[in-house]
Amino acid sequence: MVERETPTPAIEALRRPISHVWFGGDYNPEQWPEAVLLEDIDLMQQAAVNTATVGVFSWAALEPQPGEYDFGWLDAALDRLHSAGVKVILATPTASPPPWFSRLHPEALPVTPDGVRLIHGSRDTYNPAAPAYRDAARRITRVLAERYGDHPALAMWHLHNEYGTVSYGPVTDVAATWNTAFWSQVYSSWEDIHAPQRTQYIPNPAHLLDFKRFSSDMLLRCLRDQLEIVREVTPGVPTTTNFMLPTWHHYDEWDFARELDVVTIDHYPEDGPSGDAQVAFAADLARSFAGGRPWLLMEQATSLVYDYAGGRMLAKAPGRMRRNTYQYLARGSFGSLFFQWRAPRVGAEFFHSAMVPHVGPDSRIFREIRDLGAELAGVPELSAGPIEGRVVESRTAIVWDSTAWWATETRMLPSADVAYLPALRRVHEALWRSGVTADFVDPNGDPSQYDLVLVPSMIAVSDSQREAFDRFVANGGHLAVWYLSGSTDEHLRVREGSYSAAFAELAGVRVEEHAPLRDGQNLTLSEGTCASAWSEVLHVRGAEVVASYGADAPAVIAPGSAAITRNVRGSGVVHYFSTRVEGDDLQRHLARIVADAGIEAAVLPDGVEHVVRRTKTGALRIFINHTERAQTVRATGRNVLSNTDVDGDVAVAAGDVLIVRIETSPEGSRK
Ligand code: GAL
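A brief structural summary. Each chain has its residues counted from 1, following the order in which its sequence is written. Residues qualify for local features only when their pLDDT is at least 70, as the model is predicted, and side-chain atom pairs are given and counted only at 80 or more; totals for whole chains, interfaces and linings, by contrast, use all residues. Note: side-chain values were computed over all heavy atoms of the structure, leaving out hydrogens and water.

### Quick word on the sheet that holds strand β8 (residues 295-299)
Should DSSP find at least two bridges between two strands, the strands are regarded as paired. Runs of E in the DSSP output that reach at least two residues are strands. Runs of H or I that reach at least four are helices, and both are numbered from the N terminus. Read across the open sheet, the 9 strands follow the order β5-β4-β3-β2-β1-β9-β8-β7-β6; overall the sheet is parallel. Both edges of this open sheet fall to β5 (239-240) and β6 (242-245), since each of them pairs with a single strand only. Sheet topology note: the β6/strand β7 (residues 264-267) ladder contains 4 bridges and is parallel. Paired with Asn242 across the strands is Thr264, a residue of β7. Any two residues whose heavy atoms approach within 4.5 Å are treated as being in contact. Lines fitted to the C-alpha atoms define the axes, with helices restricted to the stretch that makes contact. Angles between their N-to-C directions range from 0 to 180 degrees. Each of β1 (22-27), β2 (51-54) and β3 (87-91) is contacted by helix α4 (residues 72-83), which is oriented at about 170° to β2, the strand it contacts most.

### Let's talk about helix α7 (residues 205-233)
The length a helix should cover is 1.5 Å for every residue beyond the first. With 29 residues, α7 extends 43 Å from end C-alpha to end C-alpha; this agrees with the ideal 42 Å at 1.5 Å per step. Two or three places before Ala206, at the opening of α7, Asn204 has a side-chain oxygen 2.9 Å from that residue's backbone nitrogen. Contacts described as polar in this section are N or O atom pairs within 3.5 Å, which, within protein, must combine one atom able to donate a hydrogen with one able to accept it, while residues neighboring in sequence count only if both atoms come from side chains.

### Some thoughts on the site of the ligand
To be near a molecule or strand, a residue needs just one of its heavy atoms within 4 Å of it. Looking at the ligand, there are 12 residues lining it, with Arg123, Glu162, Glu299, Glu349 and His352 nearest. Here Arg123 contributes a side-chain N or O atom positioned 2.8 Å from an oxygen atom of the ligand. For the ligand, an oxygen atom lies 2.7 Å from a polar atom in the side chain of His352.

### Concerning the sheet that holds strand β15 (residues 522-524)
Here we have 3 strands laid out as an open sheet, ordered β15-β16-β21, and antiparallel in their pairing. Where the open sheet ends on each side, the last strands, each with one partner, are β15 and β21 (580-581). Looking at chain direction, β15 and strand β16 (residues 530-532) are connected through 3 bridges and run antiparallel. Along β16, the bridge assignment pairs Asn522 with Ser532.

### Notes on the packing of aromatic side chains
A pair of aromatic rings is counted whenever rings of Phe, Tyr or Trp (Trp by its six-membered ring) have centres within 6.5 Å, and the orientation is called stacked for planes under 30 degrees apart, edge-to-face for over 60 and tilted otherwise. The full count for this structure, using the stated rule, is 27 aromatic pairs. Centre to centre, the rings of Phe281 and Phe440 are 5.3 Å apart; their planes meet at 85°, and the pair counts as edge-to-face. Placement of Phe281 in helix α9 (residues 273-289) and of Phe440 in strand β11 (residues 438-441) is noted, with a sequence separation of 159 residues between them. Phe440 sits in the buried class, given a relative accessible area of 0%. Aromatic side chains Trp405 and Tyr420 sit 6.0 Å apart centroid to centroid with 45° between the ring planes, which places their arrangement in the tilted category. Of this pair, Trp405 sits in helix α12 (residues 402-409) while Tyr420 is found in helix α13 (residues 420-433), placing the two residues 15 residues apart along the sequence. An aromatic cluster of three or more residues is present, and its members are Tyr163, Phe243, Tyr251, Trp254, Phe256, Phe281, Phe289, Trp400, Trp405, Tyr420 and Phe440. Ring-over charges, as used throughout, are those where CZ of Arg or NZ of Lys falls within 6 Å of the ring centre and within 35 degrees of the ring normal. A cation over an aromatic ring shows up here: Arg342 above the ring of Trp32, its NZ or CZ 5.6 Å from the ring centre. Between buried and exposed lies partly exposed: a residue is buried under 20% and exposed over 50% of the maximum accessible area for its type, with that area taken using a 1.4 Å probe on protein chains only.

### Side note on helix α16 (residues 583-596)
The end-to-end C-alpha distance of α16 is 20 Å, a good match for the 20 Å that 14 residues give at a rise of 1.5 Å each. Among the residues making up α16, those that are buried are Asp585, Leu586, Gln587, His589, Leu590, Ile593 and Val594. Positive backbone phi, approximately 80°, marks Gly598, located one or two places after α16.

### Side note on the pattern of salt bridges
Salt bridge, as applied in this entry: a Lys or Arg side-chain nitrogen positioned within 4 Å of an Asp or Glu carboxyl oxygen. All told, the structure shown has 44 salt bridges when counted by the stated rule. In this structure, Arg138 and Asp135 form a salt bridge, with 2.6 Å as the shortest nitrogen-oxygen distance. With Arg138 and Asp135 both in helix α6 (residues 131-148) and 3 residues apart, this pair spans about one turn of that helix. Taking the relative accessible area as the measure of exposure, Asp135 reaches 35% and is therefore partly exposed. The salt bridge partner of Asp255 is Arg258, with a shortest N-O separation of 2.9 Å. Of the two residues, Asp255 and Arg258 are both situated in helix α8 (residues 253-259); the distance of 3 residues between them amounts to about one turn of the helix. Given a relative accessible area of 25%, Asp255 falls into the partly exposed group. According to the relative accessible area criterion, Arg258 is partly exposed, its value standing at 44%.

### Observations regarding the pairing of strand β19 (residues 562-569)
Of all the 8 residues making up β19, 6 are buried; the element is thus mostly covered by neighbouring parts of the structure. Bridge count for strand β18 (residues 544-548) against β19 is 4 bridges, and the pairing is antiparallel. Residue pairing for β19: Glu544 is matched across the bridge by Arg566. As defined by bridge partners, β19 adjoins strand β20 (residues 572-577) across 6 bridges and the pair is classed as antiparallel. If you follow Ile564 over to β20, its bridge partner there is Phe577. Taking the residues that link successive antiparallel strands as the turn, the β19-β20 hairpin has 2 residues, and the phi of Gly570 there is positive, at about 60°.

### Observations concerning the packing of α9 against α13
Two elements in contact, α9 and α13, have axes whose closest approach is 10 Å; the angle formed by their N-to-C orientations is 100°. One element, α9, and the other, α13, form an angle in the roughly perpendicular class. Residues Ser274, Asp276, Ala277, Gln278, Ala280, Phe281 and Asp284 of α9 pack against Leu421, Leu424, Arg425, His428, Glu429 and Trp432 of α13. For this classification, the nonpolar set comprises Ala, Val, Leu, Ile, Met, Phe, Trp, Tyr, Cys and Pro, the charged set comprises Asp, Glu, Lys and Arg, and every other residue, Gly included, is treated as polar. Residue classes in the contact of α9 with α13 are distributed as 6 nonpolar, 3 polar and 4 charged. We call two directions roughly parallel when the angle between them is under 35 degrees, roughly antiparallel when it is over 145, roughly perpendicular when it lies between 65 and 115, and oblique otherwise.

Here's what the structure looks like:
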């Protein structure tokens, strides 16, 4: 979690403009004629919209020629929204420089790993390290801040959109710790050093990792450029930039979050039940990046979005949008904004879903939006409200580590099966199914507020991180570590003596050999657990064996040797998984580990999500039924959606939500 003082003045400022759940979407008035803009206001009022995100990609409309501005349409849009009581999140349009910029500054266009300079025609055609781009972005930011800083509709700055452009061009060539004593890579001149463009054979993984860090820093520098300007010109107006979770990973979110007043995310979950788990995953990440404070869902879609791999757009089932919205709100969002208000008729996203679809308001989607808007207007407790401490209490945290993600993207790890995001999602989903709400923790942060910390796939661990984990366990913390974690230092230098060396002593094990499994190969461990993807020659050095390998393990592993272990270290405990365990088996093992740490999981019917969200005056106990049949839960308090009291067994209809006001949060941290 990000450490921050509570409450910051900027967060306090959020309460003032909008006292309800923020509801609305990305609005592009520059795309529409007057008659449509008037209808927009009418429909926004019908749908209880109170927030519009304006100007996200409007640079060419605002500055059609270098230094020549056209503010008429934006002035009119902001005034119109203001008179309708709609607050504006005003974006800086820097994610899409205009064509004239690319013509004047071809050196600021992004370059691919193949050395190809991209041309204009889409969006995000800029190189964050190019001085001309930074200058132009600073100029348009200042112009907007000076013009609209005092506008009464302005609620928040939305800086840029989804930072994430990476360029491998000449202005990005830099150097750092690359472990070059290999394949004659010792550099003798700065001129010999390049961004890791495509090379003859396998590139140096440390070079790739360092380039990811460099790109992240370049994007951070662009964000800071804009923050500095809006904070100088419009002090007190909260700032954000929208993170694209959880599939994009071009910068370190902890670094970005520390700079912002409000963390916002865009989220487009996948189809099916795993999509619901993914909503909880993204929301827990967002809350953690926000330091446990309320955060904002900046974009979701009213229907499913283009699945680039599958090449199709699937529809969201009726009711799913509402159910997912309550998941985000339960887990700390103070609003539900959509991409986008009105479906565009043209452009790359011309068939993208919207709050007002192409067919108009006489549609299932608009009716669902209108009903959701009305319902959310009745639950003001879910709004930003000043809350001291964490909006959702959790005693369990999963380490979220950018370095680990980037490291697993470099080629030549012992198995292609060690992708970072799936490893984290497996663990989070198993906890989610078990009714355990998890935070994520910064690998350089302080884990001491948690009782249980989980470390899946954190390959690179620095000495100071290792010491922090040692201290955590010495102070009675419980740690669960998965294979490959801690096998290298932060520069991808393999640690010697044991694999997973940074954790081996703590876990009471020595990993002598990696034995990755074949695609589709499954092993059965001693107590029935199904294992896959990876195995290890694991020796115990004090740990107890929870599960051992059988005769179906690779030949290097002696049948009966340890696969999953548990090690008591003073008042702390360290669990080690030398193989991949998924689904029900993982849920069972995590239930054991959670109970071992003294954490009580909520007792729930399968498929029912439960979160306690703190509010200004108490807490809301929120149940979300993801199944297709009614489920019974136990709750006492005021049902805030039906305005009735409940006490004892309560039925939650298929796909429905129950929100019960309780006096205080029943969950607390041991520490
Ligand atoms: C988001 C982006 C929007 C829009 C949307 C489509 O990532 O911020 O501008 O492109 O995706 O789903």
